Amino acid sequence: MSNIRIKTIYNILLNLYFPLILTAGFNSVYAQTYPQLSWHVTLNEIEISPGSKIPYGTEGDSLRVNVLRFYISDITLFRNGILLAKDSIASHLIDFANHSSLTQHLPAEQEFDSIRFILGVDSLLQEYGIGKADLDPVNGMYWTWQTGYIHFKLEGIYYPKFSSEKEITLHLGGYRTPHQTIQQLKFTCSPYHKNCLNLNLYPFINYALKSDALQIMSPCLKAVELSANLTQCIHPE
């Protein structure tokens, strides 16, 4: 085979496959650097493990969290206050017992500097009734068509050192006035790495204890109050 013919075949193969190799390499690098939002759940400085009994405060009390689930919806990215992108997935279910659910890929094609989302399920979605995937009622986060979705669910047991244990069942939801519990949050963030939000349950549970509000299982004004308090317990790490 002549050198000219070999060179011609080489050029043909190079033109055919080089773009594919280049694209694959780009996608690989992009996948590694694709911005993410992740969640870290603590009780002050103590990381919480599902079902584990951990110290609560400094007086010898303790706490066990058995169930922790909540929705975040309408993830939106901004740069200099200008909307850049919105997540194609309407709602994400964050499940404390499902490690993979604690991280969400962000819909970024350009550099951004802040993120906004709502804690809960958008009221328009709830008007449509039950959904699929993370919004499927099989996840145990739906009441009825009248009351809609549970936006935040916390179940566990509080063990005071000098008195009997107290069961915690906080199912916070409601999307109609006066029981609207949907909360909007916005944080600065980076397009280059994993952005982590810390949910510190200590001040939230402490507020519920002082308010004598450890049993909520339907929309109510106390759920509205606790939902507003919950937003103050979420901070970037």
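Draft legend 1. Just the pattern of salt bridges, in detail. As enumerated under the stated definition, the model contains 5 salt bridges in all. In this structure, Asp-95 engages Arg-69 in a salt bridge whose closest nitrogen and oxygen atoms are separated by 3.3 Å. One end of the pair, Asp-95, is in strand 6 (residues 91–95); the other, Arg-69, is in strand 4 (residues 61–79), with 26 residues separating them in the sequence. For the pair shown, Asp-95 and Arg-69 are each scored as buried.

Draft legend 2. Spatial organisation of the nonpolar core. Of all hydrophobic cores here, the largest spans 47 residues; its most connected members are Leu-201 and Phe-204. Residue contributions to this core peak at 7 residues, all from strand 4. Here Phe-204 is in contact with Phe-152, Leu-154, Leu-170, Leu-172, Leu-226, Asn-229, Leu-230 and Cys-233, once residues within four sequence places are set aside. The next biggest cluster of nonpolar side chains, apart from the first, holds 9 residues, and it includes Tyr-71, Leu-93, Val-121 and Trp-143.

Draft legend 3. Examining the confidence of the model for the protein chain more closely. Overall, the prediction assigns the protein chain a mean pLDDT of 86, with 85% of residues at 70 or greater. Across residues 17–32, where pLDDT falls below 50, the model places 4 contacts with residues more than four positions away in sequence or in other chains.

Draft legend 4. Expanded view of the packing of aromatic side chains. Tallying each qualifying case throughout the model produces 9 aromatic pairs. Between Trp-39 and Phe-70, the aromatic rings sit 5.0 Å apart at their centres with planes inclined by 75 degrees, giving edge-to-face as the arrangement. With Trp-39 in strand 1 (residues 36–43) and Phe-70 in strand 4, the pair connects residues that are 31 residues apart, well separated along the chain. Like Phe-70, Trp-39 is buried. Their ring planes at 75 degrees and their centres at 5.4 Å tell us that Phe-152 and Phe-204 sit as a pair that is edge-to-face. A residue pair is termed long-range when its members are at least 10 positions apart, and Phe-152 in strand 9 (residues 150–159) and Phe-204 in helix 3 (residues 201–210) qualify at 52 residues. Take Phe-152: its relative accessible area is 2%, and that puts it in the buried class.

Draft legend 5. Region of the structure containing helix 3. Regarding helix 3, the residues found buried are Leu-201, Phe-204, Ile-205, Ala-208 and Leu-209. Buried residues in helix 3, looked at end-on, bunch into an arc of 135 degrees, giving them a common side. A distance of 3.2 Å separates the backbone nitrogen of Tyr-202 from a side-chain oxygen at the start of helix 3, and that oxygen is part of Asn-200. One or two positions beyond helix 3, positive phi appears at Asp-212, with a value near 50 degrees.

Draft legend 6. Region of the structure containing unusual backbone geometry. Between Thr-177 and Pro-178 the backbone carries a cis peptide bond, its omega angle lying at 10 degrees. Structurally, Pro-178 is set in the loop between strand 10 (166–173) and strand 11 (183–188). Unlike most non-glycine residues, Asp-74 shows phi in positive territory, near 55 degrees. Structurally, Asp-74 can be placed in strand 4. Since its relative accessible area comes to 25%, Asp-74 is described here as partly exposed.

Draft legend 7. Representation of the pairing of strand 10. When you tally the buried positions in strand 10, you get 6 out of 8 residues, the bulk of the element. For strand 9 and strand 10, the ladder comprises 8 bridges, and the chain directions are antiparallel. Bridge pairing in strand 10 places Ile-150 opposite Gly-173. The antiparallel hairpin formed by strand 9 and strand 10 contains 6 residues in its connecting segment. Alignment of strand 10 against strand 13 (residues 215–216), held across 2 bridges, turns out to be parallel. Residue pairing in the sheet places Leu-170 in a bridge with Ile-216 of strand 13.

Rules behind the numbers
Residues numbered from 1 in each chain as written. Predicted model: local features only at pLDDT ≥ 70, side-chain atom pairs only at ≥ 80, totals over all residues. Heavy atoms only, no water. Salt bridge = Lys/Arg side-chain N within 4 Å of Asp/Glu carboxyl O. Helix = DSSP H or I, 4+ residues; strand = E, 2+ residues; numbered from the N terminus. Buried < 20%, exposed > 50% of the residue type's maximum accessible area, 1.4 Å probe, protein only. Core = buried A, V, L, I, M, F, W, Y, C linked by side-chain atoms within 4.5 Å. Contact = heavy atoms within 4.5 Å. pLDDT = per-residue confidence, 0-100. Phe/Tyr/Trp six-rings, centres within 6.5 Å; stacked < 30°, edge-to-face > 60°. Arc of directions from axis to C-beta. Polar contact = N/O pair within 3.5 Å; in protein donor to acceptor, adjacent residues only side chain to side chain. Pairing = 2+ DSSP bridges.

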